[in-house]
Amino acid sequence: AKSAGRNTQRFFDPQMQAQVNARAHLESDLRHAIHDGELQVYYQPVMNGHGQLLGAEALVRWRHPGRGLVMPIEFIDLAEQTGLIVDLGTFVMRTACEQLAAWAANPSTQCLTIAVNVSPRQFRNAGFVDEVLAIVDETGADPSKLKLELTENLLLGDVNETVCRMRELKERGVGFSLDDFGVGYSSLAYLKRLPLDQLKIDRSFVNDVLSDVNDAVIVRTILALAHNLELEVVAEGVENAGQVDFLVSNGCERFQGYHFGRPVPISEFERLHGFAPCA
Ligand code: C2E
Ligand code: CA
Ligand code: CA
Ligand code: CA
């Protein structure tokens, strides 16, 4: 309905209109990107304290024909809001599972795991569990090498439903990790209810662990909590040896960050991280 007044004027503010247009443009570009093969999966190594490779996290990138490499911060939220995250997520899941199947064929790579980020909208989509299992079957990936990274935002929804879905996948061997731990709103009670295998300490804490006493205390507390709950821990965003020393001396056994390797395309990942036989 047409109405004269201040609100109408504000809506047609040219700057705001430009933002709305840019967003609509990005949405239609992204819709095409998913189907035209412009998305690519990068892999970042996860290592133990001896620098041995344990696996990788799959991180999506968008090779935009005009804009070059577009990072997830510029399109994941939009994908989530528009529902495009479902198709995007399917692409990443399939690519990661194909990679697991390829690695399984070689004794020097068959132990490696791949972690895939799953957004709340994707996880709550009705077909999610069946789809993951279908992809695992079709690609021949070993589901026990697949880890799904969930965020605490998922706990804002129906927790019983979340637990049910997680159990269905866990029955097939799929693992679960709680990403960005410490920055969200999850209560410890929920943490115990979820059938998790792993926590990932958010990089904002790891970043200042040597200079900020509060962050050091938080990281130590998360490590102790995880160990008491018998969960694996990955420290994210590890950028230097000093951070590694602090983390190792507080019992951390898994690391991810630029110090160990940046996210790179699969060919570079395999070239850089030359694999070792299973321990
Ligand atoms: P995340 O899941 O927390 O992924 C880790 C992010 O930290 C990655 O950013 C990675 O490049 C960056 N990072 C790793 N090590 C370091 C470090 O040492 N220092 C610093 N400063 N940063 C580091 P990226 O790839 O830009 O991804 C950003 C976020 O986008 C991810 O955060 C994740 O939430 C989301 N995302 C990425 N790929 C996917 C996907 O396939 N599906 C979904 N749903 N979300 C994704
Ligand atoms: Ca993640
Ligand atoms: Ca994270
Ligand atoms: Ca801080």
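Above this note sits the structure.
Residues numbered from 1 in each chain as written. Chains lettered and ligands numbered in written order. Predicted model: local features only at pLDDT ≥ 70, side-chain atom pairs only at ≥ 80, totals over all residues. Heavy atoms only, no water.

Caption draft 1: Structural context of the coordination of the calcium ion (ligand 4). Every protein donor of the calcium ion (ligand 4) is accounted for by Asp-208 (OD), Asp-212 (OD) and Asp-215 (OD), and the metal-donor separations fall at 2.4 to 3.2 Å. Within one chain, the residues donating to the calcium ion (ligand 4) are spaced in sequence as D-x3-D-x2-D. Residue classification places Asp-215 among the buried residues on the basis of a relative accessible area of 9%. (Donors = N, O, S within 2.8 Å, 3.2 Å for Na, K, Ca; no water. Buried < 20%, exposed > 50% of the residue type's maximum accessible area, 1.4 Å probe, protein only.)

Caption draft 2: The pairing of strand E6 (residues 175–181), seen in detail. With respect to burial, E6 is a largely interior element, six of its seven residues being buried. Strand direction decides the pairing type here: strand E5 (residues 146–150) and E6, joined by four bridges, are parallel. Opposite Leu-148, over in E6, you have Phe-176 as the bridge partner. This β-α-β element, E5 to helix H7 (residues 159–171) to E6, shows right-handed connectivity. Here three bridges tie E6 to strand E7 (residues 198–201), and the two strands are oriented parallel to one another. Along E7, the bridge assignment pairs Phe-181 with Ile-201. (Helix = DSSP H or I, 4+ residues; strand = E, 2+ residues; numbered from the N terminus. Pairing = 2+ DSSP bridges. Right-handed = clockwise from strand over helix to strand, strands pointing away.)

Caption draft 3: Region of the structure containing the coordination of the calcium ion (ligand 2). The protein atoms that coordinate the calcium ion (ligand 2) are Glu-57 (OE), Asn-117 (OD1), Glu-149 (OE) and Asp-179 (OD), at distances spanning 2.1 to 2.3 Å. Expressed as a motif, the donor residue spacing for the calcium ion (ligand 2) is E-x59-N-x31-E-x29-D. The calcium ion (ligand 3) is placed at 3.9 Å from the calcium ion (ligand 2), the two being bridged by Asp-179. Taken as a pair, Glu-57 in strand E2 (residues 53–64) and Glu-149 in strand E5 lie far apart in primary sequence, 92 residues in all. On the accessibility criterion, Glu-57 (4% relative accessible area) is buried.

Caption draft 4: Just helix H6 (residues 128–139), in detail. For H6, spanning twelve residues, the distance from its first C-alpha to its last is 17 Å, which sits close to the expected 16 Å at 1.5 Å a residue. Buried within H6 are the following residues: Phe-128, Val-129, Val-132, Leu-133, Ile-135, Val-136 and Thr-139. Seen end-on, H6 carries its buried residues on one side only, within an arc spanning 155°. Away from its buried face, by an angle of more than 90 degrees, H6 presents the exposed residues Asp-130, Asp-137 and Glu-138. On the buried face of H6, the contacting elements are helix H4 (85–104), helix H5 (120–124), E5 and H7. (Expected span 1.5 Å × (residues − 1). Arc of directions from axis to C-beta. Contact = heavy atoms within 4.5 Å.)

Caption draft 5: Looking closely at the site of ligand 1. The environment of ligand 1 is made up of 22 residues, and the closest members are Gln-44, Arg-61, Arg-203, Glu-239 and Tyr-258. Asp-180 has a polar side-chain atom sitting 3.3 Å from an oxygen atom of ligand 1. Residue Arg-203 places a side-chain N or O atom 2.6 Å away from an oxygen atom belonging to ligand 1. Considered on its own, ligand 1 offers 800 Å² of accessible surface; in the complex 83% of this is hidden by protein. Mapped by element, the contributors of at least two residues to the shell around ligand 1 are E2, H4 and E6. Here the element with the most residues in the shell around ligand 1 is E2; it accounts for four residues. Along the lines of polarity and charge, the residues of the shell around ligand 1 split into ten nonpolar, five polar and seven charged. (Near = heavy atom within 4 Å. Polar contact = N/O pair within 3.5 Å; in protein donor to acceptor, adjacent residues only side chain to side chain. Areas by Shrake-Rupley, 256 points an atom, 1.4 Å probe, with all protein chains shown as cover. Nonpolar A, V, L, I, M, F, W, Y, C, P; charged D, E, K, R; others polar.)

Caption draft 6: View of the nonpolar core. Membership of the largest hydrophobic core comes to 76 residues, with the highest contact counts inside it found for Leu-146 and Leu-148. Per-element tally for this core: the top contributor is H4, with eight residues. Leu-146 has contacts with Met-93, Cys-97, Leu-100, Ile-114, Val-116, Val-132, Val-136, Val-174 and Gly-175, leaving out every residue within four places of it along the chain. (Core = buried A, V, L, I, M, F, W, Y, C linked by side-chain atoms within 4.5 Å.)

Caption draft 7: Inspection of the packing of aromatic side chains at higher detail. For the structure on display, the rule yields six aromatic pairs. On the numbers, 5.5 Å between centres and 20° between planes, the contact of Phe-255 with Phe-260 is stacked. Exposure class is identical for Phe-255 and Phe-260. Each is buried. Taken together, the ring pairs in this structure connect Tyr-43, Trp-103 and Phe-269 into an aromatic cluster. Its guanidinium or amino end placed over the ring of Tyr-258, Arg-262 lies 3.8 Å from that ring's centre, counting from NZ or CZ. (Phe/Tyr/Trp six-rings, centres within 6.5 Å; stacked < 30°, edge-to-face > 60°. Lys NZ or Arg CZ within 6 Å of the ring centre and 35° of its normal.)

Caption draft 8: Examining the pattern of salt bridges more closely. Here the structure, examined in full by the defined rule, presents twelve salt bridges. Note that Arg-94 is salt-bridged to Glu-138, the shortest N-O span being 3.1 Å. Of this pair, Arg-94 sits in helix H4 while Glu-138 is found in helix H6, placing the two residues 44 residues apart along the sequence. With a relative accessible area of 31%, Arg-94 lands in the partly exposed category. Glu-138 sits in the exposed class, given a relative accessible area of 55%. With a shortest N-O distance of 3.3 Å, Glu-232 and Arg-254 are connected by a salt bridge. Remark: Arg-254 occurs in the loop between helix H11 (241–249) and helix H12 (266–272) and Glu-232 occurs in strand E8 (residues 232–235); sequence separation between them is 22 residues. Given the relative accessible area of 26%, Glu-232 is considered partly exposed. (Salt bridge = Lys/Arg side-chain N within 4 Å of Asp/Glu carboxyl O.)

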